[in-house]
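Observations on the model geometry
Spelled out, the chains give:
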Amino acid sequence: MAFIHNGKMDWWYQRYPKDSTAHSVSRPGYMFILGGLLLLLALYPVLKTLSNQLHSALTGSYVAGHHSVILINCPNEQVAKDIGRSLMERRMAACVNILPRTATMYYWKGEIQDATEILLLVRTRTSKVQTLTEYVRTLSC
């Protein structure tokens, strides 16, 4: 069952007749392949996270972009405790450290000013940084 076109034999059709190539994969086979692809797409975020954690565990390296540290200056210790407790209650932070009085120097109206402040060191997920920043701005205004 070889076809001859321009004096040459078509080897494709000689090896694979049309009838067998049209039905080489059955309908359940297509459904299985499609289901596998959909499952892979659905599990992609989980697989990516697991591979990042596995890589980090095996190599001992840090995977950037998952955790962030935010520094917040507060005028006194009571304000720092209030902000820290509020962040913890809303689960916006994994940990809040209140550092003792820090000496601060800054420019104000062209002159160098000295002040003391309390520094909050807030550890959180990078995905929560924007929400946390907006929340702290609403507290301080």
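The structure this text deals with has already been given above.
Residues numbered from 1 in each chain as written. Predicted model: local features only at pLDDT ≥ 70, side-chain atom pairs only at ≥ 80, totals over all residues. Heavy atoms only, no water.

Next up on the list: the nonpolar core. Core analysis: the largest hydrophobic core is formed by 14 residues, its most contacted members being Ile-72, Cys-74, Leu-87, Leu-120, Val-122 and Leu-132. Those elements that provide at least two residues to this core are β3 (67-74), α4 (77-89), β5 (111-125) and α5 (129-140). If near-sequence neighbours (up to four positions away) are discounted, Leu-87 is found in contact with Ile-72, Met-92, Ala-93, Val-122, Leu-132, Tyr-135 and Val-136. (Core = buried A, V, L, I, M, F, W, Y, C linked by side-chain atoms within 4.5 Å. Buried < 20%, exposed > 50% of the residue type's maximum accessible area, 1.4 Å probe, protein only. Helix = DSSP H or I, 4+ residues; strand = E, 2+ residues; numbered from the N terminus. Contact = heavy atoms within 4.5 Å.)

Okay, the sheet that holds β5 next. Taken in spatial order, the three strands of this open sheet run β3-β5-β4, and their pairing is antiparallel. Of all the strands in the sheet, the pair left with one neighbour each is β3 and β4 (95-108). Averaged over all neighbouring strand pairs, the angle between strand axes comes to 30°, with direction disregarded. Each of β3, β4 and β5 touches α4; the most contacted strand, β5, lies at about 20° to it. (Pairing = 2+ DSSP bridges. Axes fitted to C-alpha atoms, helices over the stretch in contact; angles between N-to-C directions.)

A separate point is α4. For an α-helix, 3.6 residues make a turn, and residues three or four places apart therefore share a direction. Here α4 is 13 residues long and its end C-alpha atoms lie 18 Å apart, about the 18 Å a rise of 1.5 Å per residue gives. Every buried residue of α4 is listed here: Ala-80, Ile-83, Gly-84, Ser-86 and Leu-87. For α4, the buried positions fall inside an angular range of 165° around the axis, keeping them on one side. Facing away from the buried side of α4 by over 90 degrees, the exposed positions are Arg-85 and Glu-89. The distance from a side-chain oxygen at the start of α4 to the backbone nitrogen of Gln-78 is 3.2 Å, and the residue carrying that oxygen is Asn-76. (Expected span 1.5 Å × (residues − 1). Arc of directions from axis to C-beta. Polar contact = N/O pair within 3.5 Å; in protein donor to acceptor, adjacent residues only side chain to side chain.)

Side-chain positions along a regular strand alternate between the two faces of the sheet. Sheet topology note: the β4/β5 ladder contains twelve bridges and is antiparallel. Each residue of the ladder has a partner; that of Trp-108, found in β5, is Glu-111. Hairpin connection from β4 to β5: two residues lie between these consecutive antiparallel strands, with Lys-109 at a positive phi of about 55°.

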